[in-house]
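Chain residues, written in single-letter form:
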Amino acid sequence: MNKIISSIAFCLLFITILSSCQQEKKLPFYGERHAETVKDAAGVEKIDTVYQTIPNWSFLNQDSIVTTNKATDGKVYVADFFFTSCTTICPTMHRNLMTVYNEFKTNPDVMFVSHTIDFKYDRPYVLKKYAQKLGVDGAKWQFLYGSKDSVYTLAEKNYLVAVGEDSTAKDGYIHQGYLVLVDKDRRIRGAYDGTKEDQVEQLKKDIPVLLAEYKK
Amino acid sequence: MRKYIINSIFLLSIVAIIVSCQNQETIDLQNYMSNGKDIYKAKCQNCHGENGEGLGQLAPPLTDSVFLKTNKNRLACIIKNGANETFTIHGKEYKEKMPAFPELADIDVAQVMVFVTNSFGNKQGFVPYTQVSTQLQNCK
């Protein structure tokens, strides 16, 4: 009898240990990183990892209003690069991103930011018309217009998405269809191919994981 | 027993002959449908959607059988040369430009047209490649 009780107790103990071993899922950090000596609140020096962050930005949105990083500060957001006259990957990207948008529509901590790479044609009023026709209304999804230099640098240096003009391409521009997930501290935490449904599904699963990191 | 086996083989072969005797048009239709689907996926699906549902007000759905029927003779030209006019589909206006697809050969246009007009709830039947070719020569 004693033997049975002790073996049951042992099993229970084992299960408890196993389950407590489970680490909470965290998303990876993208981009460059370096170690830095920082002082914590108590003034004790320690070494910490500093990750790549998105710098300050300022663009015109679809309502011709100057919009800066203040709009996304303190929020988790999804960024992508597109242009309105694109007939290749952009419609698929935004069709898929629409499903993410609809899922997180009521969550005030989530935002969407689409940068146009067509600095010649995609003026704010063109972006506004595009957004309306796509079925997006309001400030939750920002469509941003900026100079070639500012947008292209931001894309390649900071969001790690390749963009470019290409006169041989069908629509005059080439770009990657990544949906980039950025956390509340402006660090890149995920990149998903917006043309692939399974990766977009993964994005839908990862956004709550990222939000949960801040709920402690 | 032997007779029984021989008889059943004979019967089976007759059935096989009848099944394989589908008319040429049905075979062509199946052929166009399967090739047309591949072309649709490569060229059309990004805007018009996997099920022909369209994309917001940017790209019209392909489910309006009435529109497809009334514009039957123009479809080939629209597929190949694109469109820059307002279409009213399911009572809604669509004004965005449709790009041209000059890389599509006449047979490709015929196949994708047959696929679209016989999918997504449409059932217009077969249109031979020769007829599409004539339509394409008379595009406005």
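Residues numbered from 1 in each chain as written. Chains lettered and ligands numbered in written order. Predicted model: local features only at pLDDT ≥ 70, side-chain atom pairs only at ≥ 80, totals over all residues. Heavy atoms only, no water.

A few points about the confidence of the model for chain B
It should be kept in mind that the predicted coordinates are not to be read in detail where pLDDT is low.
Then, in step 1: When pLDDT is averaged along chain B, the result is 91, and 96% of the positions lie at 70 or above.
Then, in step 2: Mean pLDDT per element in chain B: helix H1 (residues 2-20) of chain B is the minimum at 82, and helix H5 (residues 106-117) of chain B is the maximum at 95. (pLDDT = per-residue confidence, 0-100. Helix = DSSP H or I, 4+ residues; strand = E, 2+ residues; numbered from the N terminus.)

Some details on a nonpolar patch on the surface
Then, in step 1: Together, Met1, Tyr4, Ile5 and Ile9 of chain B give the surface a local cluster of nonpolar side chains, amounting to about 500 Å² of exposed area.
Then, in step 2: Note that methionine 1 of chain B resides in the segment before H1. (Patch = residues over 30% accessible without salt bridge, like charges linked within 9 Å, V, L, I, M, F, W, Y side chains within 5 Å. Areas by Shrake-Rupley, 256 points an atom, 1.4 Å probe, with all protein chains shown as cover. Salt bridge = Lys/Arg side-chain N within 4 Å of Asp/Glu carboxyl O.)

Concerning the pattern of salt bridges
Note that side chains of opposite charge can pair when their charged atoms are close.
Then, in step 1: A full pass over the atoms with the stated rule returns 18 salt bridges over all chains.
Then, in step 2: Of the charged contacts, one joins lysine 80 of chain B and aspartate 106 of chain B as a salt bridge, the two residues approaching to 4.0 Å between their closest N and O atoms. Within this pair, whereas lysine 80 of chain B is found in helix H4 (residues 75-81), its partner aspartate 106 of chain B is found in helix H5, the two being separated by 26 residues in sequence.
Then, in step 3: Of the residues examined, aspartate 106 of chain B reaches a relative accessible area of 22% and is grouped as partly exposed.
Then, in step 4: Each of Asp183, Asp185, Arg187, Arg189 and Glu213 of chain A takes part in salt bridges that share partners, so that together they form one network. (Buried < 20%, exposed > 50% of the residue type's maximum accessible area, 1.4 Å probe, protein only.)

Re the packing of aromatic side chains
Residue and element names in this part refer to chain A.
Then, in step 1: Using the criterion set out here, one finds 18 aromatic pairs over all chains in the structure.
Then, in step 2: Ring plane angle 50 degrees and centroid distance 5.4 Å describe the contact between tyrosine 101 and tryptophan 141, whose orientation is recorded as tilted. Note that tyrosine 101 is positioned in helix H2 (residues 90-103) and tryptophan 141 in strand S7 (residues 141-144), a separation of 40 residues in sequence.
Then, in step 3: An aromatic cluster of at least three residues, connected via ring pairs, comprises Phe82, Tyr101, Phe112, Tyr130, Trp141 and Phe143.
Then, in step 4: In this structure, arginine 189 packs its charged tip against the face of phenylalanine 29, placed 3.8 Å from the ring centre. (Phe/Tyr/Trp six-rings, centres within 6.5 Å; stacked < 30°, edge-to-face > 60°. Lys NZ or Arg CZ within 6 Å of the ring centre and 35° of its normal.)

Digging into the side chain of threonine 116 of chain A
Residues and elements named next belong to chain A.
Then, in step 1: Note on placement: threonine 116 falls in strand S6 (residues 110-116).
Then, in step 2: Looking at threonine 116, the relative accessible area reads 2%, which means it is buried.
Then, in step 3: A polar contact of 2.6 Å, which involves the side chain of threonine 116, links it to the side chain of aspartate 122.
Then, in step 4: Each residue touching threonine 116, except ones within four places of it in the same chain, is listed here: Phe82, Phe83, Asp122, Leu127, Leu144, Tyr145 and Val151. (Polar contact = N/O pair within 3.5 Å; in protein donor to acceptor, adjacent residues only side chain to side chain. Contact = heavy atoms within 4.5 Å.)

Details of the interface of chain A and chain B
Many descriptions give the size of an interface as the accessible area lost when the pieces come together.
Then, in step 1: Chain A puts ten residues into the contact, and the matching count from chain B is 18 residues.
Then, in step 2: Here chain A and chain B share an interface that buries about 1,100 Å² over both sides, 54% of which is from carbon and sulfur atoms.
Then, in step 3: Counting across the interface, chain A meets chain B through two salt bridges.
Then, in step 4: For the salt bridge of arginine 95 of chain A with glutamate 53 of chain B, the shortest nitrogen-to-oxygen distance reads 3.4 Å.
Then, in step 5: The interface formed by chain A and chain B holds nine residue pairs in polar contact (both at pLDDT 80 or more) in total.
Then, in step 6: Taken together, the elements giving at least two residues each to the side of chain A that touches chain B come down to H2 and helix H3 (124-134) of chain A.
Then, in step 7: Taken together, the residues that form the side of chain A that touches chain B break down as three nonpolar, three polar and four charged. (Buried area = accessible area lost by both parts, 1.4 Å probe. Nonpolar A, V, L, I, M, F, W, Y, C, P; charged D, E, K, R; others polar.)

What to know about the packing of helix H2 (residues 24-48) of chain B against H5 of chain B
Residue and element names in this part refer to chain B.
Then, in step 1: Viewed as axis vectors pointing N to C, H2 and H5 meet at an angle of 95 degrees, and their least axial separation amounts to 7 Å. Judged by the inter-axis angle, H2 sits roughly perpendicular to H5. Contact with H2, carried on its side by Leu29, Tyr32, Met33, Asn35, Gly36, Lys37, Ile39, Tyr40 and Cys44, involves Ile107, Asp108, Ala110, Gln111, Val112, Val114, Phe115 and Val116 of H5 and no other residues of that element.
Then, in step 2: Classifying every residue of the contact of H2 with H5 by side-chain character gives twelve nonpolar, three polar and two charged. (Axes fitted to C-alpha atoms, helices over the stretch in contact; angles between N-to-C directions. Parallel < 35°, antiparallel > 145°, perpendicular 65-115°, else oblique.)

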